[in-house]
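# Coordinate inspection notes
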Amino acid sequence: MLYDGTGLGPDWPAVDGSRPFAHAGLCLEPMRYPDSPNQPGFPQAVLRPGELYRQLTTYEFIEP
């Protein structure tokens, strides 16, 4: 999932004294397969009480 800060604007609270503006942020959020609860062939995305789920995501930026 990618969020690029499109909705940010001057009416949002200031962070460290500076006001946010549109496209000033980037959020990369890992997620399970979209629509997995409705797709029998996809890995299960439901986490039951007592079950443990862990995920490691590594972002690497390499200069060309």
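In case you missed it, the structure is sitting above this.
Per chain, the residues get numbers from 1 upward, laid out in the order the sequence is written. Given that the model is predicted, a residue must reach a pLDDT of at least 70 before its local features are reported, and side-chain atom pairs must reach 80 or more before they are shown or counted; all residues, however, enter totals for whole chains, interfaces and linings. Derived side-chain values reflect all non-hydrogen atoms in the structure, with water molecules and hydrogen atoms excluded from consideration.

### A few points about the overall build of the protein chain
A tally of regular secondary structure across the protein chain gives zero helices and two strands. In this description the radius of gyration comes from C-alpha coordinates, and the expected globular size is given by 2.2 Å times residues to the power 0.38. Computed over C-alpha atoms, the radius of gyration of the protein chain comes to 18 Å, more than 25% over the 11 Å expected from 2.2 N^0.38 for 64 residues, which places it beyond the range of a compact globule. Dimensions of the protein chain, computed from C-alpha atoms along their principal axes, come out at roughly 45 × 35 × 25 Å. Exposure is judged per residue with a 1.4 Å probe applied to protein chains only, and the accessible area is read against the type maximum: over 50% gives exposed, under 20% gives buried, and values in between give partly exposed. By residue count, 6% of the 64 residues in the protein chain fall in the buried class. Across the protein chain, the fraction of contacts at a sequence separation of at least 24, relative to all contacts at a separation of at least 6, is 28%. Note on areas: Shrake-Rupley, 1.4 Å probe, and residue coverage restricted to the protein chains presented here. Carbon together with sulfur atoms contributes 59% to the accessible area of the protein chain, which is approximately 6000 Å² in total. Helix and strand labels come from DSSP, where a helix needs a run of H or I of at least four residues and a strand needs a run of E of at least two; each type is numbered from the N terminus. The contact rule is simple, with two residues in contact once any of their heavy atoms fall within 4.5 Å.

### Remarks on a nonpolar patch on the surface
Without a salt bridge and with relative accessible area above 30%, a residue can belong to a patch; like charges are then joined within 9 Å and nonpolar side chains (Val, Leu, Ile, Met, Phe, Trp, Tyr) within 5 Å. Take a side-chain nitrogen of Lys or Arg and a carboxyl oxygen of Asp or Glu: if they are within 4 Å of each other, that pair is a salt bridge. Judged by side-chain polarity, Leu 2, Leu 26, Leu 28, Tyr 59 and Phe 61 come together as a nonpolar surface patch covering roughly 600 Å² of accessible area. For Leu 26, the location among the structural elements is in the loop between strand E1 (2-3) and strand E2 (27-28).

### Overview of the packing of aromatic side chains
Working definition: rings of Phe, Tyr and Trp (its six-membered ring) pair if their centres are within 6.5 Å, and the pair is stacked with planes under 30 degrees apart, edge-to-face with planes over 60 apart, and tilted otherwise. If you walk through the whole model with that rule in mind, you get one aromatic pair. Considering the side-chain rings of Tyr 33 and Phe 42, the 5.4 Å spacing of their centres and the 40° angle between planes classify their relative orientation as tilted. The partly exposed category is assigned to Tyr 33, whose relative accessible area is 47%.

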